Amino acid sequence: MKCQKCKKNNADTHVKRVINGEFEEYHLCSECAKEMGYTNVFSNFAESFSDDFNSLFGSFFENALPARTQATRCETCGTTYNDIARTGMMGCADCYNIFSDKILPTIRRVHGNTTHCGKNSPSYKAEKTEEKSVENKTSELDDLKAELENAIKNQEFEKAAVLRDRIKEKEDNNE
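Quick notes on the rules
Residues numbered from 1 in each chain as written. Predicted model: local features only at pLDDT ≥ 70, side-chain atom pairs only at ≥ 80, totals over all residues. Heavy atoms only, no water. Helix = DSSP H or I, 4+ residues; strand = E, 2+ residues; numbered from the N terminus. Buried < 20%, exposed > 50% of the residue type's maximum accessible area, 1.4 Å probe, protein only. Contact = heavy atoms within 4.5 Å. Areas by Shrake-Rupley, 256 points an atom, 1.4 Å probe, with all protein chains shown as cover. Pairing = 2+ DSSP bridges. Disulfide = S-S within 2.5 Å. Core = buried A, V, L, I, M, F, W, Y, C linked by side-chain atoms within 4.5 Å.

Draft legend 1. Layout of the overall build of the protein chain. In terms of helices and strands, the protein chain carries seven helices and two strands. Of the regular secondary structure in the protein chain, the N- to C-terminal order runs β-β-α-α-α-α-α-α-α. Counting across all 175 residues of the protein chain, residues that qualify as buried make up 14%. Sequence-distant contacts, at least 24 apart, represent 19% of the contacts inside the protein chain between residues at least 6 apart. With an accessible surface of roughly 14200 Å², the protein chain has 51% of that area assigned to carbon and sulfur atoms.

Draft legend 2. Representation of the pairing of strand β1 (residues 13-19). Here seven bridges tie β1 to strand β2 (residues 22-28), and the two strands are oriented antiparallel to one another. What sits directly across from His14, in β2, is His27.

Draft legend 3. The side chain of His27, seen in detail. Note that His27 resides in strand β2. Look at His27 and you get buried, because its relative accessible area is 18%.

Draft legend 4. Broad picture of the state of the cysteines. Tallied over the entire structure, the rule returns zero disulfides. Cys92 provides the cysteine sulfur closest to Cys74, a residue in no disulfide bond, and the two sulfurs are 3.5 Å apart. Cys95 takes part in no disulfide bond, and the closest cysteine sulfur to it belongs to Cys77, at a distance of 3.6 Å. For Cys95, a relative accessible area of 0% gives the class buried.

Draft legend 5. Local environment of the nonpolar core. Grouped together as the largest cluster of nonpolar side chains are seven residues: Leu141, Leu144, Leu148, Ala151, Ala160, Leu163 and Ile167. The set of elements that each furnish at least two residues to this core consists of α6 (122-153) and α7 (157-174). The dominant element in this core, judged by the number of residues it contributes, is α6, at four residues. Not counting residues within four places of it along the chain, the set of residues in contact with Leu144 comprises Leu163, Arg166, Ile167 and Lys170.

Dropping the structure here:
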């Protein structure tokens, strides 16, 4: 459904209001809604409520309730742990160091480990190198056997004897 005000963008805000018994309903895009003063009521309410609550009871508890500005922030990007928890994204590379005590248990729970075990890790590269080495030896052995068969078909027995000895030597080295 298109915005009823600009008639260009898709409507993503639905506003209903009753004034003096008259019912009005609008379907607006986010830009037009913001322009008309319709913002997210709940986020504004939550912020003002926490400010009011802290100012009302803050002195009673003698600063037992921390102000929002006292939250630990990354010096580089200004991200808080709550921002990371809400969005699921780090603000910058320094956030990993600053919030490591809070994010490592989550990473461990989700991934089972906190060290990299992917294809760029040393143990993975060693496995792949070993596999390639075995594959190379196997393919080289297969090539020698095919060459031996061709030598026998062409009745090149001296060459076949040399190939036979090389194949036997390779098979003994693989064991």
